Amino acid sequence: MGKQPKRDKSQVSLFNPDSLRLVLNNQTTIAKTYIKHRRGFFWATRTRILAWYAIILFVIFLVFIPAIRQALYAQVDQRVNDEAREKIEIFEQLIRGKSNNSEPLDEEILEVIDKLRNNDTRLRKPPKTKTELRNFFDAFLANQLPEDDAFLIALMDERFYKSSPRARPKEMDRDAKIILDWARLTKPAQGEKVILGSEVDSILYQAQPVKIDGEVMGVLVVAHTTAGERGEVLEALAVIVQVSVVVVLFALVLAWFAAGKILAPLRLLTQTARTITETDLNQRITIDGSGELAELGATFNDMMDRLQEAFTSQHNFINDAGHELRTPITIIRGHLELMGNEPQEIQETLSIVMDELERMNRFVNDLMLLAKAERPDFLQLETVDVSIFTEELFAKVKGLGDRKWRLEAVARGKIVGDRQRLTQAMMNLAQNATQHTNNTDTIALGSMIHRGKISFWVRDTGVGVAPADQQRIFQRFARAANSRRRSDGAGLGLSIVQVIAEAHGGQITLESELGAGSVFTITLPLESPQIRTLIQ
């Protein structure tokens with residue numbers, strides 16, 4: 001038996017269910033990708049702007065084409081009526097020696113009348129009999145050269161007599177109804193006769209009866225069919241439409257490129273957003289000009305500045321928190337690893353471990369307090385008597401250390417606030433003062449109401465705070481650079497005081513001079529918007 005040829009592993013058998021499923025999945029993926037690209041193109045902002053532009057132009061054309069057609073029709077009808085009225089005025093002036101129109105005749109019409117009278121003696125005097133009228137009609141029609149689609153028709157004895165030109169459409173044949181209707185007129189008339197299904201479309205006319213001795217002897221009709229004139233209008237309109245379509249297509253192409261140019265900042269915004277990662281927040285959009293897109297770019301850059309600041313703050317916070325937790329953990333691990341079997345040594349180690357665990361517990365509690373500062377239930381409001389609250393604070397702070405404690409002022413009145421949070425803030429300030437003073441220094445506490453605000457302060461005669469550190473010390477994990485001793489805390493005390501003050505709608509300020517001491521003041525409004533919101 002010969003050897004079986006080896007099957008290439010890259011070949012897929014369609015009879016294998018797994019292989020068939022793989023092929024179907026690949027085809028589905030390709031189809032979805034294709035649909036996604038097509039949908040992305042058709043739903044792109046640029047395409048949608050162009051589509052709306054095209055729709056608006058299409059709607060405008062739907063209104064514009066019929067409107068311009070009617071306007072052109074009206075102009076044609078006006079011109080035809082003016083020409084017919086001019087013929088009637090000439091006829092009246094010749095047959096009567098005057099016109100029914102009260103307005104004076106144009107010089108051009110007067111020249112035409114003089115020329116007609118000079119060309120034919122039958123037009124020089126008004127007719128007095130039917131025979132003279134017939135001769136007058138013959139002379140008048142013989143000297144007229146109507147325009148295309150215009151007809152001068154003379155009617156006598158209530159029937160057709162003569163026309164110029166002689167050839168007329170069948171709708172105005174000598175026995176046509178409209179001819180018979182005109183022949184029976186006894187007073188001037190004008191209008192439009194629409195003839196459905198006819199090649200002439202409609203007939204514009206003006207009719208002038210001729211009376212001799214009070215009796216109607218004949219009628220002169222100036223008629224004009226509208227099919228030719230309106231056909232020319234439609235041809236002109238077709239040219240306008242064709243040219244407009246080309247112009248619109250060209251305008252859409254320009255609009256496509258213009259939309260791309262206008263939306264270029266949005267694409268730049270998208271590209272910039274895609275390049276931003278958690279480790280690289282430095283990308284910004286270059287802003288040119290002004291307007292909504294420039295404002296969007298500026299807003300995006302401002303947002304990125306805030307995000308970068310927040311990420312930097314978070315990164316520093318994590319690093320500082322990790323450092324603060326790593327130190328007691330290292331101390332606990334080191335002592336546990338070196339702990340022997342002696343009872344005294346075990347007791348000493350346990351004491352150190354419990355002390356570090358307590359410090360870690362305080363640190364975690366401080367972090368939780370800062371995290372809860374943005375929550376609506378951060379404050380538990382109640383009415384606080386300021387004088388009693390100040391005296392209670394003074395009684396508590398005296399137990400923080402051996403200092404010269406003083407109560408400088410006690411305000412009289414009541415405020416709405418969180419007694420426990422305010423106590424915590426003042427105790428933190430007092431604790432901070434004890435950590436930066438000696439036994440011979442003075443620490444004073446007081447409260448005062450002035451101009452709708454209440455102030456609580458802690459003043460000490462300690463080392464003071466350098467001007468460069470006076471803003472930085474309110475940041476989390478920050479300590480004064482000139483501090484002569486390291487506090488037991490993690491550098492969160494003043495941050496906690498600040499968030500408590502801000503939660504009450506107030507602020508904390510610092511006045512300090514190196515070597516002369518510091519004054520930390522919490523200022524709260526008596527009626528805070530934040531407090532009113534929480535009460536509601």
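Visitor: Provide a residue-level description of the nonpolar core, including the pertinent values.
Guide: Counting residues in each nonpolar core, the largest one holds 43 residues, and the members touching the most others are M426, L429, F520 and I522. Counting residues per element, the ones that place at least two in this core are α9 (343-371), α10 (386-397), α11 (419-435), β9 (442-450), β10 (453-460), α12 (493-503), β11 (507-513) and β12 (517-525). Residues in contact with F520, not counting those within four places in the same chain, are L429, N432, F456, W457, V458, I473, F474, L494, I508, T509 and L510.

Visitor: Can you break down the packing of helix α2 (residues 45-96) against helix α3 (residues 107-119) residue by residue, with the values?
Guide: What describes two packed helices is the angle between their axes and the distance between those same axes. One way to put it is that α2 packs onto α3 with a least axis distance of 10 Å and a crossing angle of 50°. Relative to α3, α2 is oriented oblique. Considering how the two elements wind past one another, α2 and α3 form a crossing that is right-handed. Taking contact as the criterion, the partners of E86, E89, I90, Q93 and L94 in α2 are, on α3, I109, V112, I113, L116 and R117. Grouping the constituent residues of the contact of α2 with α3 by class yields 6 nonpolar, 1 polar and 3 charged.

Visitor: Just give me the short version of the side chain of E171, but keep the residues and values in it.
Guide: You can see E171 is positioned in the loop between β2 (159-164) and α5 (177-183). Despite being buried, E171 has no salt bridge partner; K170 is the closest side chain of opposite charge, sitting 4.8 Å away. Among the polar contacts listed, one links the side chain of E171 to the side chain of S198, at a separation of 2.6 Å. Filtering out sequence-adjacent residues up to four positions away, E171 remains in contact with A176, I178, I195, S198, E199 and V200.

Visitor: Tell me about the packing of aromatic side chains, residues and numbers included.
Guide: Under the counting rule described, the total for this entry stands at 6 aromatic pairs. When the centroid spacing of 6.2 Å and the interplanar angle of 90° are considered together, the rings of F61 and F64 count as edge-to-face. Highlighted residues: F61 and F64, both in helix α2, separated by 3 residues, approximately one helical turn. The partly exposed category is assigned to F61, whose relative accessible area is 22%. Using a relative accessible area of 35% as the deciding quantity, one classes F64 as partly exposed. Between W182 and Y205, the aromatic rings sit 5.2 Å apart at their centres with planes inclined by 50°, giving tilted as the arrangement. Here Y205 lies in strand β4 (residues 202-212) and W182 lies in helix α5, a separation of 23 residues in the sequence. Y205 carries the same exposure label as W182, and that label is buried. A network of ring pairs unites the aromatic residues F91, F136, F137 and F140 as a single cluster. A cation over an aromatic ring shows up here: R230 above the ring of Y73, its NZ or CZ 4.9 Å from the ring centre.

Visitor: Report on the sheet that holds β2, specifying residues and quantitative values.
Guide: Taken in spatial order, the 5 strands of this open sheet run β2-β1-β5-β4-β3, and their pairing is antiparallel. In this open sheet, the two strands that pair with only one neighbour each are β2 and β3 (189-194). Sheet twist, expressed as the mean angle between neighbouring strand axes with direction ignored, is 25°. The pairing of β3 with β4 spans 6 bridges and is classified as antiparallel. Note that in β4 the partner of V194 across the bridge is S202. Most of the contacts of helix α4 (residues 130-142) go to strand β1 (residues 150-156), to which it runs at about 170°, and overall it touches β1, β2, β4 and β5 (215-225).

Visitor: How would you summarise the pairing of β5 if you had to cite specific residues and measurements?
Guide: Among the 11 residues that make up β5, 9 are buried, leaving the element largely enclosed by the rest of the structure. Bridge count between β4 and β5: 10 bridges; the pairing is antiparallel. Across the sheet, the residue bridging to Q206 is V222, located in β5. Counting the residues that bridge the hairpin from β4 to β5 gives 2 residues, and of these D213 lies at a positive phi of roughly 55°.

Visitor: Talk me through the confidence of the model for the protein chain; I want residue IDs and the actual numbers.
Guide: Caution applies to low-pLDDT regions: their predicted coordinates should not be interpreted in detail. Considering every residue of the protein chain, the mean pLDDT works out to 80; 83% of them sit at 70 or more. Per-residue pLDDT stays below 50 along residues 34-39; that stretch engages in 0 contacts with residues further than four places along the chain or on separate chains. Note that pLDDT drops below 50 for residues 532-536; the model gives that stretch 6 contacts with residues more than four away or on any other chain.

Visitor: So what about empty space enclosed by the protein? Which residues, and what values?
Guide: Once rolled over the atoms, a probe with the size of a water molecule shows which space is left empty. Scanning the entire structure with this criterion turns up 2 cavities of 30 Å³ or more. Sorting the residues of the lining of the second largest cavity by element identifies α7 (264-275) and α8 (292-338) as the ones contributing at least two each. Residues that form the lining of the second largest cavity fall into these classes: 6 nonpolar, 1 polar and no charged.

Visitor: Explain the sheet that holds strand β7 (residues 404-409) to me, and be specific about the residues and the numbers.
Guide: As a general point, the strands of a sheet are linked pairwise by backbone hydrogen bonds and lie either parallel or antiparallel. As summarised here, the arrangement of the 5 strands in space is β7-β9-β10-β12-β11, forming an open sheet in which the pairing is mixed. Single-partner strands in this sheet number two, and they are β7 and β11. Taken pair by pair, the neighbouring strands of this sheet meet at an average axis angle of 15°, ignoring direction. The sheet contact formed by β9 and β10 spans 8 bridges and is antiparallel. Counted as the bridge partner of G446 is W457 from β10. Along the sheet, α10 contacts β7, β9 and β10; its crossing angle with β9, the most-contacted strand, is approximately 170°. Running at roughly 25° to β10, α11 makes contact with β7, β9, β10, β11 and β12 of the sheet.

Criteria and cut-off values
Residues numbered from 1 in each chain as written. Predicted model: local features only at pLDDT ≥ 70, side-chain atom pairs only at ≥ 80, totals over all residues. Heavy atoms only, no water. Core = buried A, V, L, I, M, F, W, Y, C linked by side-chain atoms within 4.5 Å. Buried < 20%, exposed > 50% of the residue type's maximum accessible area, 1.4 Å probe, protein only. Helix = DSSP H or I, 4+ residues; strand = E, 2+ residues; numbered from the N terminus. Contact = heavy atoms within 4.5 Å. Axes fitted to C-alpha atoms, helices over the stretch in contact; angles between N-to-C directions. Parallel < 35°, antiparallel > 145°, perpendicular 65-115°, else oblique. Left-handed = near helix turned anticlockwise from the far one by under 90°. Nonpolar A, V, L, I, M, F, W, Y, C, P; charged D, E, K, R; others polar. Lys, Arg positive; Asp, Glu negative; His and termini not counted. Salt bridge = Lys/Arg side-chain N within 4 Å of Asp/Glu carboxyl O. Polar contact = N/O pair within 3.5 Å; in protein donor to acceptor, adjacent residues only side chain to side chain. Phe/Tyr/Trp six-rings, centres within 6.5 Å; stacked < 30°, edge-to-face > 60°. Lys NZ or Arg CZ within 6 Å of the ring centre and 35° of its normal. Pairing = 2+ DSSP bridges. pLDDT = per-residue confidence, 0-100. 1 Å grid on protein atoms, 1.4 Å probe; cavity = no way out; pocket = protein on both sides within 12 Å on 5 of 7 lines; lining within 4 Å. Points joined across faces, edges and corners; volume = space filled by probe spheres on them.

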